[in-house]
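Listed below, chain by chain, are the residues.
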Amino acid sequence: MKGTEIIVKALKEEGVDILFGYPGGQAIDIFDALYGQDDIEVILPRHEQALIHAADGYARSTGKVGVCLVTSGPGATNLVTGIATANYDSVPLVCITGQVPLGLMGNDAFQEVDIVGITNSICKYAVTVRTREELPRILKEAFYIARTGRPGPVVVDIPKDIQQAEGSDEYPDQVNIRGYKPNDSVHMGQIKKAMDMLKKAAKPLFLFGGGVNISSANAEVTRLAEVMHVPVITTIMGKGAIPSTHELYLGNIGIHGSYAANHAVSECDVLLSIGTRFNDRITGEISEFAGNAKIIHIDIDSASISKNIVVDVPIVADAKMAAQKLLEYAVPLSVDDWTEKVQTWKKEYPINMDRYQGLTPEKVIRYINEHFDKPIVTTDVGQNQLWTTQYIQMESNRHFLTSGGLGTMGYGFPAAIGAQIGNPDSTVIAISGDGGMQMNIQELATAVALELPLILVVFNNGYLGNVRQWQKIFFDKRYSSTCLTYRKSCQRNCLDPNKCCPAYTPDFVKLAESYDAYGMRVCSENDIGKAFDYALEHRDAPTLLEFIIEREADVYPMVPTGKSLEDMIMDC
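Quick caveat, the model's predicted, so the values are computed rather than measured.

## Quick look at the sheet that holds strand 5 (residues 125–128)
Strand pairing within a sheet occurs via backbone hydrogen bonds; the two strands may be parallel or antiparallel. Read across the open sheet, the six strands follow the order 2-1-3-4-6-5; overall the sheet is parallel. Either end of the sheet is taken by a strand with one partner, and the two such strands are strand 2 (41–43) and strand 5. Across the sheet, the axes of successive neighbouring strands diverge by a mean angle of 20 degrees, strand direction being ignored. Pairing of strand 5 with strand 6 (residues 153–159) involves four bridges; the strand directions are parallel. Each bridged residue has a counterpart across the sheet, and for Thr 128 the counterpart in strand 6 is Asp 157. Docked against the sheet, helix 3 (residues 48–62) engages strand 1 (18–21), strand 3 (66–70) and strand 4 (93–99), running at close to 165 degrees with respect to strand 3.

Here it is as C-alpha cells:
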C-alpha cells in the first residue's frame, strides 16, 4: 500500500466517518486517496481555523475523535489556535498535516514550517513521520493518545514522499507506548479518606468541572449529591454536570459566577472538586480561595492536582470511576442548616438583567430554555458566552460547547457546524456577539452547502462588549478600539451624549441572504418568539437572528482581577 492508502485504512479502522479537510499541494495525494470513499465524508469548510473548530464541536458533541486534514505551511499554521483551544478544554482531535518531502525539510522550502515545533507546547503529542514503516504505528498511537487519559489534540505531520512510498498494508490492532500508561484505577484508600472528611463536614460543597462532562459522569455525580444532600456548584465547562434546575444546584463559580456559588466556596469547610484545573477565572485571588476548607481534588491528570490550589486529598482518577466508588460509601449528611443557608443566598441574590428595559440577552436565552427540548448550544467568547453560561439551562453533558480555557473568539459558529453534522437530528443553536460572529462568518457558505438548519443567534451591541465593560469599570470609559461602529470620520470622544453613530457594518441580515441563508433582525422583546418560529420554518439552510441589544449592557456579578470571589461587583 502507498502511505496515502494506509492513512485511509487507518481512518476506517478507527471508525472515522467524518473528516474535516482543506486540500493543498502537500496533502493532495491524501485527498486523492479519499476520493470516492463512500464511508468517509470529507467536509470542506472555508478556512482552516473554522475547520478545526468544526472538528472540535463534532468531537465534544459526539464523544468521538475529531479528525482534521490540511496541507503544510499556512494550512498547518491556521490550525494552531484551534489546537490550543482543544488542548485547554481536553478535546480529542487527530490533526494530520501534509509536509514537504524529507529531503527538503530544513531548507526553507515552499510552504514549509516546523508544525511539530510550533505545536509541541499546545497539544498532547506532535510527531513527524520519518519512515513509511512507522506510519501505521504512529497513526494508531495518535488516535489512542487523543482519546485516552485526559483527552487532547495530537498532530501527525506526514512528508509528501512518505505519503507516496509503498509499504506493508498491515494496520496494528494494539498499542504499547512506553511511558504512556493512562490511569484506569482508583486509589481506594484516598476515596475512603475523602469520604471520611466529607462525613465530618458541617458545610460541605461539591464543585464539578468539565471533566465530569467529558467522562459522562453526570448521573453518578448527581446521585452522589442527592444521596449526601450536598450543594453543588460548577465551572463554566462543568455546566450540565448536574441539571441546571436541580434543587441542589447553586450556579457557576468564578469571576462572573453567582453570588450563592462564590460565597458558598468561600464559606464551605470541605470542598470536593471533580474534573477542574482551578484556573484563575474560577478561583479569583488564589490565596483566598476556599480559605476555610479542606479540599479533595479528583482529576484524570496528575499534573493538574495541586498545580494552582494545594489540596488535602489528591485522587488521580477518571471522574466517572471515582464517582462510582464514592457512591459505594455515600451516606446522607446532617447539613440541613447549611443547605438552607446557601439556598437563601440563591433566592436573595438571583442573576438577572432587570436593570435593563426591553430586549435583553436574558430574555432571548430564557426563551430558548422554555421552547427547545435539549438543544445543543454553542457560544462564542465575550459577553455572549457569559450571559449564556448564566442563563442557559442544561440537563446533561455534550449539549453545551464553548471555549473555556483559551477563550477563542470565532469558535462558536464553526463548532455549531461540527455539532450539527455529528447530531443531525438535534437542534443546534450558536450564540455569538457581533464581533466574534465576523471572525468566521465565511462559514455561512459551508453551512449553506451542507444544508444545515443551524440557528445563529447574534447579540449586536456594536461593541467588543466584554473589553468595553472592563474599560467602563476600570478605565474611566476610555473605549479604546472596542467600538465596532467607528469610522475614520467619527469624533473619538465616545462620552459625547449627543453623538450620532454611523450605521453598523455589516448588515448581518443582508450578508446572510447573500450566502443563500435566512436572516431576521429583532429589535423588540415582543418579536423573540416570532424570530425563532421563522428559523424553525426554514430548515434547509441556517437562519441568522440578529438581536439588537442595549449598547452598554454589562455582565454581573463580576469579580475584578486580583480580588477574592467575595469581592463581587453586583452592579455598576
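## Here's the deal with the environment of Lys 239
Mapped onto the fold, Lys 239 is located in the loop between strand 8 (232–234) and strand 9 (249–252). The spatial distance from the C-alpha of Lys 239 to the C-alpha of Gly 210 is 7.6 Å, given a sequence separation of 29 residues. Discounting residues that sit within four places of it in the chain, Lys 239 has contacts with Asn 213, Thr 234, Ser 244, Tyr 249, Asn 252, Thr 389, Gln 390, Ile 392, Met 394 and Phe 400.

## A few points about the sheet that holds strand 11 (residues 294–299)
Strands sit in the order 9-8-7-10-11-12 across an open sheet of six strands; the sheet is parallel. Each having just a single partner strand, strand 9 and strand 12 (313–316) make up the two edges of the open sheet. Pairwise comparison of adjacent strand axes, ignoring direction, gives a mean angle of 15 degrees for this sheet. Note: strand 7 (residues 204–208) against strand 10 (residues 270–274), five bridges, orientation parallel. The residue bridging Phe 206 from the neighbouring strand is Leu 272, located in strand 10. The strands touched by helix 11 (residues 218–228) are strand 7, strand 8 and strand 10; relative to strand 7, the strand with the most contacts, the crossing angle is about 170 degrees.

## A short note on the packing of helix 12 (residues 259–267) against helix 15 (residues 336–348)
It is at 8 Å that the axes of helix 12 and helix 15 come closest, and there the two elements cross at 145 degrees. In this structure, the crossing between helix 12 and helix 15 has a hand that is right-handed. Between helix 12 and helix 15, the contacting residues are Tyr 259, Ala 260, His 263, Ala 264 and Glu 267 on the first element and Trp 338, Lys 341, Val 342, Trp 345 and Lys 346 on the second. Counted by class, the contact of helix 12 with helix 15 contains six nonpolar, one polar and three charged residues.

Rules and cut-offs
Numbers given to residues run from 1 along each chain, matching the order in which its sequence is written. With pLDDT at 70 or above as the cut-off, local features in this predicted model cover only qualifying residues; side-chain atom pairs require 80 or more to be listed or tallied, and sums for whole chains, interfaces and linings still use all residues. The side-chain quantities take in all heavy atoms of the structure and omit both hydrogens and water. At least two DSSP bridges between two strands are needed for those strands to be called paired. Starting at the N terminus, helices and strands are each numbered in turn, a helix being any DSSP run of H or I of at least four residues and a strand any DSSP run of E of at least two. To get an axis, a line is fitted to the C-alpha atoms, and for a helix only the part in contact is used. The angle between two axes follows their N-to-C directions and goes from 0 to 180 degrees. Residues count as neighbours in contact if any of their non-hydrogen atoms are within 4.5 Å of one another. The crossing is said to be left-handed when, going from far helix to near helix, the turn is anticlockwise and less than a right angle, and right-handed when the turn is clockwise. Nonpolar residues are Ala, Val, Leu, Ile, Met, Phe, Trp, Tyr, Cys and Pro. Charged residues are Asp, Glu, Lys and Arg, and all others, Gly as well, are polar.

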